[in-house]
Amino acid sequence: MTTSRGNLFEPKLVTDLIDKVKGKSSLAILTKQKPIPFNGQKVFIFTMDSEIDIVAENGKKSHGGVSLEPVKMIPIKVEYGARFSDEFLYASEEEKIDTIKSFNDGYAKKIAKGIDLMSFHGINPRTGQPSTVIGENHFDSKVTQTVTFDKTNPDMNMEAAVAMIQGSEGAVNGLAADTQFSSALAGMRTGGDTNIRLFPELAWGANPGSINGLKADINNTVSGGSKDVAILGDFENMVQWGFSKEISLEVIKYGDPDNSGQDLKGHNQVYLRSETFLGWGIFDGNSFARIVKAGE
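What counts, and where the lines are drawn
Residues numbered from 1 in each chain as written. Predicted model: local features only at pLDDT ≥ 70, side-chain atom pairs only at ≥ 80, totals over all residues. Heavy atoms only, no water. Helix = DSSP H or I, 4+ residues; strand = E, 2+ residues; numbered from the N terminus. Buried < 20%, exposed > 50% of the residue type's maximum accessible area, 1.4 Å probe, protein only. Contact = heavy atoms within 4.5 Å. Areas by Shrake-Rupley, 256 points an atom, 1.4 Å probe, with all protein chains shown as cover. Pairing = 2+ DSSP bridges. Axes fitted to C-alpha atoms, helices over the stretch in contact; angles between N-to-C directions. Phe/Tyr/Trp six-rings, centres within 6.5 Å; stacked < 30°, edge-to-face > 60°. Polar contact = N/O pair within 3.5 Å; in protein donor to acceptor, adjacent residues only side chain to side chain. Core = buried A, V, L, I, M, F, W, Y, C linked by side-chain atoms within 4.5 Å. Left-handed = near helix turned anticlockwise from the far one by under 90°. Nonpolar A, V, L, I, M, F, W, Y, C, P; charged D, E, K, R; others polar. Patch = residues over 30% accessible without salt bridge, like charges linked within 9 Å, V, L, I, M, F, W, Y side chains within 5 Å. Salt bridge = Lys/Arg side-chain N within 4 Å of Asp/Glu carboxyl O. Lys, Arg positive; Asp, Glu negative; His and termini not counted. Charge placed at Lys NZ, Arg CZ, Asp CG, Glu CD. pLDDT = per-residue confidence, 0-100.

A.B. asks: I tried to follow the overall build of the chain on my own but got confused; where do I start?
C.D. replies: Across its full length, the chain holds 7 helices and 13 strands. By the burial criterion, 43% of the 296 residues in the chain qualify as buried. When contacts within the chain are restricted to residue pairs at least 6 apart in sequence, long-range pairs at least 24 apart make up 74% of them. Accessible surface computed for the chain: about 16000 Å², of which carbon and sulfur atoms make up 49%.

Encoded structure:
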């Protein structure tokens, strides 16, 4: 394997990376992943304005009406790089491959966390600040239905949030919850003489994959410095995310690619950098609700 500037990750590594992202990102766990064209795409959402109409024999048909609204899914470029000793250049092929696999493992974790922070809160994961590139394409902006978090009765918070979504004719098939919310659920008990746990599957910080039959993932990215403690709704149909194009891998031998002020050659280092295009689209904010902390 010859590793040089501008090479691409091998298909196996790309598949491995995507699989790891799917296992660590709440958005990826709860939604459907599809490739996204490099130049982005528009997904058209049809809203049928009326109900179906019975037509008698020889009867007149009437107009039902339809609303058509496009949702843009534009891939955003993200990158991650790290410095290594230039011994990497002279290592055996097996050692190079092991290094790249390790880099791939770490990069997958960063992408998994990053796509949650970007899609949930619209922030640049590295700085923690709102991203003008993302704009309003995130849950905190598009999901206006909120319930105030009550740590003494989070079950009622869920019921209220579900009622909001169903009142908007939406479906609830997924829950992304912060550890604050899952801990509050885990602490709920029946009281009285039995005093048993209402949600025993959440005891001791467990992440069971479902709660009360609802697909769920527990992840501190749901909070991510925001006031959110839970996001629930129609993750299966009303949000989509995906990777675009191949994933590049650069081995940079010269210069100061991370603007650290240290020349690579002067410090016997090389720089591994990977860039990825990924994107997402939230089709209907009313199909979701957020449970949020008060006064923040």
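A.B. asks: Would you mind showing me how to read the sheet that holds strand E6 (residues 146-148) here?
C.D. replies: As a general point, the strands of a sheet are linked pairwise by backbone hydrogen bonds and lie either parallel or antiparallel. In spatial order, the strands read E6-E13-E10-E7-E9-E8; together these 6 strands make up an open sheet with mixed pairing. Bordering the open sheet on either side are E6 and strand E8 (210-211), each of which pairs with just one other strand. As defined by bridge partners, strand E10 (residues 228-233) adjoins strand E13 (residues 288-292) across 5 bridges and the pair is classed as antiparallel. Bridged to Asp228 within E13 is Val292. Here helix H7 (residues 179-186) sits on the sheet and contacts strand E7 (174-177), strand E9 (214-218), E10 and E13; the angle it forms with E10, its principal contact strand, is near 85°.

A.B. asks: I'm lost on the packing of aromatic side chains in this one. Help?
C.D. replies: For any two aromatic rings, the description comes down to two numbers: the centre-to-centre distance and the angle of the planes. Scanning the entire structure with this criterion turns up 7 aromatic pairs. Between Trp241 and Phe243, the aromatic rings sit 5.6 Å apart at their centres with planes inclined by 65°, giving edge-to-face as the arrangement. Neither residue differs from the other here; Trp241 and Phe243 are each classed as buried. An aromatic cluster is built from Phe120, Phe139, Phe235 and Phe288, whose rings are joined through pairwise contacts.

A.B. asks: Sorry, what's going on with the side chain of Gln145 here?
C.D. replies: Counting through the fold element by element, Gln145 comes out in the loop between helix H5 (139-142) and E6. Look at Gln145 and you get buried, because its relative accessible area is 13%. Polar contacts involving the side chain of Gln145 include one to the main-chain carbonyl oxygen of Phe288, which spans 2.8 Å.

A.B. asks: It is not clear to me how the nonpolar core should be interpreted in this structure. Could you clarify?
C.D. replies: Soluble globular proteins: nonpolar side chains tend toward being buried together. Counting residues in hydrophobic clusters, the biggest one holds 40 residues, and the most contacted among them are Phe9, Leu17, Val21, Phe139 and Phe243. Of all the elements in the fold, those that place two or more residues in this core are helix H1 (11-24), helix H2 (26-30), strand E5 (76-85), helix H4 (93-121), strand E11 (239-252) and strand E12 (269-282). With residues up to four places along the chain from it excluded, the contact list for Leu17 reads Phe9, Asn104, Tyr107, Ala108, Ile111, Phe243 and Ile247. One finds Val147, Ala216, Ile218 and Ile291 within the second-largest nonpolar core, a separate group that totals 24 residues.

A.B. asks: Before we go on, may I ask you to explain the packing of H1 against H4 in this structure?
C.D. replies: Axis angle and axis distance: for two packed helices, these are the angle between their axes and the distance between the axes, and together they describe the pair. For the pair H1 and H4, interaxial distance at closest approach is 8 Å and the crossing angle is 35°. Here H1 runs over H4; the crossing is right-handed. Contacts between H1 and H4 involve Leu13, Asp16, Leu17, Lys20, Val21 and Lys24 from the former and Ile100, Lys101, Asn104, Asp105, Tyr107, Ala108, Lys109, Ile111 and Ala112 from the latter. Of the residues contributing to the contact of H1 with H4, the split by class is 8 nonpolar, 1 polar and 6 charged.

A.B. asks: For this particular structure, what's the right way to read a negative patch on the surface?
C.D. replies: Among the surface-exposed residues, Glu93, Glu94, Glu95 and Asp98 lie close enough to one another that they form a single negatively charged patch. Assignment of secondary structure puts Glu94 in helix H4.

A.B. asks: Help me out: how do you make sense of H7 in this one?
C.D. replies: Within an α-helix, residues lying three or four positions from one another point in the same direction, as the helix has 3.6 residues per turn. Those residues of H7 not exposed but buried are Phe181, Ser182, Ala184, Leu185 and Ala186. Among the structural elements, helix H6 (154-167), E7, E9, E10 and E13 are those in contact with the buried residues of H7.

A.B. asks: In this structure, what is going on with the confidence of the model for the chain? I would like to understand it.
C.D. replies: A low pLDDT means the predicted coordinates there should not be read in detail. Looking at the chain as a whole, the pLDDT averages 87, with 88% of positions reaching at least 70. Contacts of residues 1-5 to residues separated by more than four positions or lying in other chains number 16 contacts, the stretch itself having pLDDT below 50.

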